[in-house]
Amino acid sequence: MTLHDDAVLVLKGYEDQPELRDLYLAHLDAHPDGMYKPCGAGHLTSSALVVDPARGRVLLTLHKKLGMWLQMGGHCEAGDATVEAAALREATEESGITGLLLLPGGPVRLDRHPIPAPCHWHLDVQYAALAPAGAVEQISEESLDLRWFTYDEVEGVADTSVVRLLESTLARLS
């Protein structure tokens with residue numbers, strides 16, 4: 001099974017946000033290369049919000065290019081077997097935390113956002129990753145900073161997409 005095939009299966013099984021899900025599926029149907037950065041019409045990305053439910057906090061990265069506090073994530077790579085594996089790889093690379101576990105149940109949310117040309121859209125498949133007890137973060141080359149924020153602090157530092165991702169994550173954790 002290809003990464004493209006996996007993404008189609010994951011999205012067909014995702015029951016929330018039906019209009020956005022269908023837009024993602026139509027994109028993949030129209031663009032066999034729609035999983036990767038060279039696709040000028042846009043491409044899927046995969047991300048994960050790193051959460052520490054025992055301490056009521058999330059780890060965000062200060063994105064180097066955007067200067068915004070975001071969840072960990074990025075482009076799918078040829079070596080990624082699944083969209084889920086891409087999210088876990090990105091979260092591990094960007095947080096420096098080993099032993100992250102994705103929250104069961106598949107994606108938590110979808111978020112489509114514009115990006116500068118030559119590509120036009122990121123179609124992000126968003127997961128949540130549980131940090132192991134005693135997790136110690138380590139900043140990567142892709143970040144200006146990494147910081148833990150309490151759930152209540154996120155709205156004051158991050159954009160609406162991260163706030164919605166946190167809300168959906170907390171709903172799934174309950």
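Criteria and thresholds
Residues numbered from 1 in each chain as written. Predicted model: local features only at pLDDT ≥ 70, side-chain atom pairs only at ≥ 80, totals over all residues. Heavy atoms only, no water. Helix = DSSP H or I, 4+ residues; strand = E, 2+ residues; numbered from the N terminus. Core = buried A, V, L, I, M, F, W, Y, C linked by side-chain atoms within 4.5 Å. Buried < 20%, exposed > 50% of the residue type's maximum accessible area, 1.4 Å probe, protein only. Contact = heavy atoms within 4.5 Å. Pairing = 2+ DSSP bridges. Phe/Tyr/Trp six-rings, centres within 6.5 Å; stacked < 30°, edge-to-face > 60°. Lys NZ or Arg CZ within 6 Å of the ring centre and 35° of its normal. Disulfide = S-S within 2.5 Å. Polar contact = N/O pair within 3.5 Å; in protein donor to acceptor, adjacent residues only side chain to side chain.

### A word on unusual backbone geometry
One non-glycine residue, Gln17, lies in positive phi territory at about 45 degrees. Considering the arrangement of structural elements, one finds Gln17 in the loop between helix H1 (3–13) and helix H2 (18–30).

### Let's talk about the nonpolar core
With 31 residues, the main nonpolar core has Met35, Leu44 and Val50 as its most contacted residues. Elements supplying a minimum of two residues to this core: H1, H2, strand E1 (43–52), helix H3 (83–95), strand E7 (121–130) and strand E8 (143–150). Beyond its immediate sequence surroundings of up to four residues, Met35 is in contact with Leu3, His4, Ala7, Leu28, His43, Leu44, Cys76 and Val83. By size, the runner-up hydrophobic cluster in this structure holds 17 residues, among which are Val51, Leu103, Val163 and Leu165.

### A closer look at the pairing of E7
In terms of burial, E7 is largely enclosed, as eight of its 10 residues are buried. In the sheet, E1 pairs with E7 via nine bridges, with the strands oriented parallel. What sits directly across from Ser47, in E7, is Gln126. In this structure, strand E6 (residues 109–114) lies alongside E7, joined through six bridges in antiparallel fashion. Among the inter-strand pairings, Leu110 is bridged to a residue of E7, identified as Val125.

### What about the side chain of Arg21?
Topologically, Arg21 is positioned in helix H2. Setting aside anything within four residues of it in sequence, one finds Arg21 in contact with Leu11, Tyr14, Glu15, Asp16 and Leu110.

### A closer look at the packing of aromatic side chains
Taken as a whole and assessed by the stated rule, the structure comprises one aromatic pair. The ring of Trp148 has Arg57 lying over it, and the distance from NZ or CZ to the ring centre is 3.9 Å. Positioned above the aromatic ring of Trp121 is the side chain of Arg112, whose terminal nitrogen or guanidinium carbon lies 3.5 Å from the ring centre.

### Thoughts on the state of the cysteines
By definition, a disulfide links the sulfur atoms of two cysteines through a covalent bond. Applying the stated criterion to the full structure yields zero disulfides. Free cysteine Cys76: the closest other cysteine sulfur is in Cys39, separated by 12 Å.

### Remarks on the environment of Thr82
Position of Thr82 among the secondary structure elements: in the loop between strand E4 (72–75) and H3. The spatial distance from the C-alpha of Thr82 to the C-alpha of His63 is 24 Å, given a sequence separation of 19 residues. A polar atom in the side chain of Thr82 sits 2.8 Å from the backbone nitrogen of Ala85.

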